[in-house]
Amino acid sequence: MDICRCRMDTDVRLESSLWVGNKRYRAVLTGWYFNWTEVDKNRDKKTVSVPVAEVIGVEEGQVEILPQKCVEDTDKDFTVFYVKRSSSGGSYGLLWRLGRTQFSCPSRVLRDQWTQHLRAALKTHGPLRPHRLLVFINPFGGKGRGRKIYHSLVAPLFELAGINSHVIVTVQANQARDHLLKKDLTGFDGVVCVGGDGMFSEVLHGLIGRTQQEAGLSENDPTVALQPCPLHIGIIPAGSTDCVCFATVGVIDPVTSALHIIIGDSQPLDVCSVHNPSAVVRYSVSLLGYGFYGDVLAESEKHRWMGPLRYDYSGATVYLSNRSYAGVVQYLPADPLLSSPRDNTRCLSGCSVCSRSTERLFHHSSDSGSLYSSHLSQFSSDSEGEWVSVKGRFRCVSLTCMSSSCPKSPLGLSPSAHLADGTADLILVWDTHPLGFLKFLYRHITTQDQFDLPFVEVHRVKAIRFSPSPEEEEEDDEEKLGMSGAVNEKEGHHVQDGETRSSNGSQQHLAPRGVTKHQKGISSLLCGLCCRKAPAVSVWNCDGEILPFTELLCRVHGQLVRLYARGIEDGAAANTSQQ
């Protein structure tokens, strides 16, 4: 008869022989891992090691959960469900699957010991696991599969993990946001959105707004230090675009995202607030884009009947239209000693840059409510001299708080951007000939550096201001540049020597602008039937929403929200759970 050993005074909590099918294993539960190793083999013994924190659930009997629940109640068996990783086929990001192993014990007493000890270990190692979730399902997003995805793939996993879910299927725009702003949220550990980036944006705005209301803070004041949200956000991808999910998990897969939610993973996320005196505040985490990206979104709204294909069609149409826009961009640089958008790092799970930023942001106060109080002075008039100003014609102006990677662009808009370092990357693409801009766009789907082009700049910033320039002022400026600037013949740019200082003391650079007659000929050839008089101003694309204004002030709020995620895992982690 096999003897079960239970030693609470050491790292081993429980140890005994168990059967898996017709093979005997030595199973050991330590403080951190549940391991089982083949006994009857002399060589090449197989050992499976599962972190206790990644055990999803323990059930008596022989149990199957997916694709549908099936239970065979037996006295001496129990089933353990856990996270099992596999490659997603890309350079980064791992698929999580529900691993399942059925164990047979010599007696029911031993079976009960194992289930009790495993469940106790889960409580010890899963203090952040959610117990009650508020779930919003967008039934219209993507291909209308949100409801099916949740009920067939996600709900069974939540039930296995003992999570109580209150589900709301939305029937109109902003329903999730309004619910979060007005309804009682007592007792919920987090909010889950089943949909795409649009549904996530609703939840983001609702949670941030609710948190500031309860703290008595004004969201519309750009100098106010916003209170971090207490509730986590979970994303089950089911939309036309799932950029936020991809950039924080590395894959677009409902089961993977559900398992991250279950084990209570926590990934802080920077949020950019977007202000204009005539409108309420908006928030962005992935893309705030003017020019090309704004025009693509505006064009795509005319072709919603095309589904996700409308973005490809609109992108081609806008590119052939060959537009650029005059504007003034001011930005508040981040500390270049902490990180750089050109340092070739990747923000992966356990990112050291983000970890150091957490220590820096929380260093002076244990009260999360005053998280940003030490940084308020940077937005006061006393620090105006720190702002850098540039003026010119732009193909696009983009600001992103993350890499903004997606399946079509695995490295994203800014490959070295970080999720939680309190900064954003500002990307300026000056007016250039169409083939040059096409090269810039093409590099997003390759591993080539899209910033290594003479008409592209990238800056790591804490805040930006933008205002469009009237066309007639632009023409006057170009004449002045032609008289006092030097001409770069290779790229056809007018470059102003040196820099000037504005009346408020900030640096002001005159932008490299203008194209040669030869390049204009290329433009005319490429425009074709798409050519028409370009509007004087573009629109801002704020995470897939068109903003009703063009002049704005944006500020980055470090680690304002937390997601049920852990960042993108490197492929080397694929074999750490089961070998």
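Residues numbered from 1 in each chain as written. Predicted model: local features only at pLDDT ≥ 70, side-chain atom pairs only at ≥ 80, totals over all residues. Heavy atoms only, no water.

**Student:** It is not clear to me how helix H10 (residues 434–442) should be interpreted in this structure. Could you clarify?
**Tutor:** One turn of the α-helix equals 3.6 residues, which is why residues spaced by three or four share an orientation. Those residues of H10 not exposed but buried are Pro434, Gly436, Phe437 and Phe440. Projected down its long axis, H10 carries its buried residues within an arc of 160°, all on one side. (Buried < 20%, exposed > 50% of the residue type's maximum accessible area, 1.4 Å probe, protein only. Helix = DSSP H or I, 4+ residues; strand = E, 2+ residues; numbered from the N terminus. Arc of directions from axis to C-beta.)

**Student:** Quick question: what am I supposed to make of helix H3 (residues 175–182) here?
**Tutor:** If you check which residues of H3 are buried, you get Ala176, His179 and Leu180. Down the axis of H3, the sector holding all buried residues measures 95°, keeping them to one side. Tucked into the core, H3 has its buried residues touching strand E10 (132–137), strand E11 (164–169), strand E12 (190–195) and helix H4 (197–215). (Contact = heavy atoms within 4.5 Å.)

**Student:** Looking at this model, I keep getting lost on the side chain of Arg555. Mind explaining?
**Tutor:** With respect to the element layout, Arg555 can be found in strand E27 (residues 552–563). We note that Arg555 is buried and unpaired, the nearest opposite charge coming from Asp221 at a distance of 7.1 Å. Polar contacts involving the side chain of Arg555 include one to the main-chain carbonyl oxygen of Val224, which spans 2.9 Å. (Lys, Arg positive; Asp, Glu negative; His and termini not counted. Salt bridge = Lys/Arg side-chain N within 4 Å of Asp/Glu carboxyl O. Polar contact = N/O pair within 3.5 Å; in protein donor to acceptor, adjacent residues only side chain to side chain.)

**Student:** So what exactly am I meant to see when it comes to the packing of aromatic side chains here?
**Tutor:** To describe a pair of aromatic rings, you give the distance between the ring centres and the angle between the ring planes. Per the counting criterion, the structure on display carries 17 aromatic pairs. Here the aromatic rings of Tyr290 and Tyr325 are separated by 5.9 Å at their centres, their planes lie at 65°, and the arrangement is edge-to-face. Residue Tyr290 is located in strand E16 (residues 288–291), and its partner Tyr325 is located in strand E17 (residues 325–333); the two are separated by 35 residues in the primary sequence. Relative accessible area serves as the criterion here: at 1%, Tyr325 is assigned to the buried category. Centroid distance Phe292 to Tyr293: 5.4 Å. Interplanar angle 80°. Geometry classified as edge-to-face. Each member of the pair Phe292 and Tyr293 is classed as buried. One aromatic cluster is present, built from ring pairs that chain together Phe34, Trp36, Phe78, Tyr82, Phe103 and Trp114. In this arrangement the basic side chain of Arg132 is found over the ring face of Phe188, its NZ or CZ atom lying 4.1 Å from the centre. (Phe/Tyr/Trp six-rings, centres within 6.5 Å; stacked < 30°, edge-to-face > 60°. Lys NZ or Arg CZ within 6 Å of the ring centre and 35° of its normal.)

**Student:** What's the story with the environment of Asp189 in this structure? I'm lost.
**Tutor:** Checked against the element boundaries, Asp189 lands in the loop between H3 and E12. If we skip the residues at most four places from it in the chain, Asp189 touches Pro130, His131, Arg132, Leu231, His232 and Tyr564.

**Student:** What should I look at first to understand the side chain of Ser538 in this one?
**Tutor:** Among the secondary structure elements, Ser538 is positioned in the loop between helix H12 (517–527) and strand E25 (540–542). A relative accessible area of 3% means that Ser538 is categorised as buried. A distance of 3.1 Å separates the side chain of Ser538 from the backbone nitrogen of Gly291, its partner in a polar contact. Excluding anything up to four places from it in sequence, Ser538 contacts Tyr290, Gly291, Gly294, Asp295, Tyr325 and Thr550.

**Student:** Would you mind going over the nonpolar core with me for this structure?
**Tutor:** In summary, soluble globular proteins display a tendency toward joint burial of nonpolar side chains. Of all hydrophobic cores here, the largest spans 44 residues; its most connected members are Val397, Leu399, Leu426 and Phe440. Excluding its chain neighbours within four sequence positions, the residues that come into contact with Phe440 are Tyr293, Cys396, Val429, Gln450, Leu453, Phe455 and Val456. One finds Ile208, Tyr283, Val285 and Met402 within the second-largest nonpolar core, a separate group that totals 43 residues. (Core = buried A, V, L, I, M, F, W, Y, C linked by side-chain atoms within 4.5 Å.)

**Student:** Explain the pattern of salt bridges to me, please; I cannot follow it from the model alone.
**Tutor:** Where charged atoms of side chains with opposite charge meet at close range, the side chains can pair. Using the criterion set out here, one finds 21 salt bridges in the structure. Taking the shortest distance from any N to any O, the salt bridge between Arg97 and Asp253 comes out at 2.8 Å. With Arg97 in strand E9 (residues 94–104) and Asp253 in the loop between helix H5 (243–249) and helix H6 (254–262), this pair connects stretches of sequence that are 156 residues apart. For Asp265, the salt bridge is made with Arg566, and the minimal N-O distance between the two is 2.8 Å. Here the residue Asp265 occupies a position in the loop between H6 and strand E14 (267–276), and Arg566 occupies one in the segment after E27, the gap between them amounting to 301 residues. Side by side, Asp265 and Arg566 carry an identical accessibility label, which is buried.

**Student:** Would you take a moment to explain a positive patch on the surface for this structure?
**Tutor:** A surface patch of like charges, here positive, comprises Lys23, Lys41, Lys46 and Lys84. When its relative accessible area of 37% is taken as the criterion, Lys41 is described as partly exposed. (Patch = residues over 30% accessible without salt bridge, like charges linked within 9 Å, V, L, I, M, F, W, Y side chains within 5 Å. Areas by Shrake-Rupley, 256 points an atom, 1.4 Å probe, with all protein chains shown as cover. Charge placed at Lys NZ, Arg CZ, Asp CG, Glu CD.)

**Student:** I'm lost on the environment of Gly31 in this one. Help?
**Tutor:** Positionally, Gly31 belongs in the loop between strand E2 (23–30) and strand E3 (33–38). Placed 20 residues apart in sequence, Gly31 and Pro51 show a C-alpha to C-alpha distance of 9.3 Å.

**Student:** Looking at this structure, I do not really get unusual backbone geometry. What am I missing?
**Tutor:** Where the residue is not glycine, phi is negative for most of them; where a peptide bond is considered, it is trans in most cases. Residue Asn174 is not a glycine yet carries a positive backbone phi of 65°. Examined against the element boundaries, Asn174 turns out to sit in the loop between E11 and H3. Here Asn174 falls in the partly exposed class, since its relative accessible area comes to 30%. You will see that Gln559, though not glycine, has its phi angle at about 55°, which is positive. Mapped onto the secondary structure, Gln559 falls in strand E27.

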